[in-house]
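# Coordinate inspection notes
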Amino acid sequence: ALDPQFPPPILQAFERALEQAASNNNNSGNDNDEKNANEITVYPDVGHAFWADMDQVAERQEPQFSAYQQVTKFLAANLE
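These numbers come from a predicted model, not from an experiment.

Rules of the game
- Residues numbered from 1 in each chain as written.
- Predicted model: local features only at pLDDT ≥ 70, side-chain atom pairs only at ≥ 80, totals over all residues.
- Heavy atoms only, no water.
- Helix = DSSP H or I, 4+ residues; strand = E, 2+ residues; numbered from the N terminus.
- Buried < 20%, exposed > 50% of the residue type's maximum accessible area, 1.4 Å probe, protein only.
- Areas by Shrake-Rupley, 256 points an atom, 1.4 Å probe, with all protein chains shown as cover.
- Phe/Tyr/Trp six-rings, centres within 6.5 Å; stacked < 30°, edge-to-face > 60°.
- 1 Å grid on protein atoms, 1.4 Å probe; cavity = no way out; pocket = protein on both sides within 12 Å on 5 of 7 lines; lining within 4 Å.
- Points joined across faces, edges and corners; volume = space filled by probe spheres on them.
- Nonpolar A, V, L, I, M, F, W, Y, C, P; charged D, E, K, R; others polar.
- Polar contact = N/O pair within 3.5 Å; in protein donor to acceptor, adjacent residues only side chain to side chain.
- Contact = heavy atoms within 4.5 Å.

### What about the overall build of the chain?
Within the chain, the secondary structure is distributed over four helices and zero strands. Sorting the 80 residues of the chain into buried and exposed places 15% on the buried side. Within the structure as shown, the chain displays about 6100 Å² of accessible surface, and the carbon and sulfur contribution to it stands at 53%.

### What about the packing of aromatic side chains?
Taken as a whole and judged by the stated rule, the model has two aromatic pairs. Pairing Trp-51 with Tyr-68 gives two aromatic rings, centres 6.0 Å apart and planes at 80°, and the pair type is edge-to-face. Here the residue Trp-51 occupies a position in the loop between helix 2 (33-36) and helix 3 (54-58), and Tyr-68 occupies one in helix 4 (residues 64-78), the gap between them amounting to 17 residues.

### Overview of the layout of surface pockets
Of the voids in this model, the largest pocket is the one considered here, and its volume is about 850 Å³. Lining the largest pocket are 26 residues, and of these Glu-39, Ile-40, Thr-41, Val-42 and Gln-70 lie nearest its centre. Elements that contribute at least two residues to the lining of the largest pocket include exactly helix 1 (8-27) and helix 4. Here the lining of the largest pocket gets seven residues from one element, more than from any other, and that element is helix 4. The residue makeup of the lining of the largest pocket, split by class, is 16 nonpolar, six polar and four charged.

### Structural notes on the side chain of Asp-3
You can see Asp-3 is positioned in the segment before helix 1. Here the side chain of Asp-3 touches Gln-5 through a polar contact of 3.0 Å, landing on its backbone nitrogen. Ignoring sequence-local partners within four residues, the contact set of Asp-3 consists of Val-46, Gly-47 and His-48.

Have a look at this one:
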């Protein structure tokens, strides 16, 4: 990844922390997997601020369009 703010070791530690939190949450009897699902996506050929505006989404530019779909799916599942 070209994002110096979040190098691979930081992302790996964050992913482990998310997995641990999900495990702890699942052990508490909460079985809503859709809301508790964690997903980290790394776009290897882009930097930190790769999504500049919504025109990129409207034009279906990648990876902006995929990121938009992922974010809106997450928000729909977690914000009611």
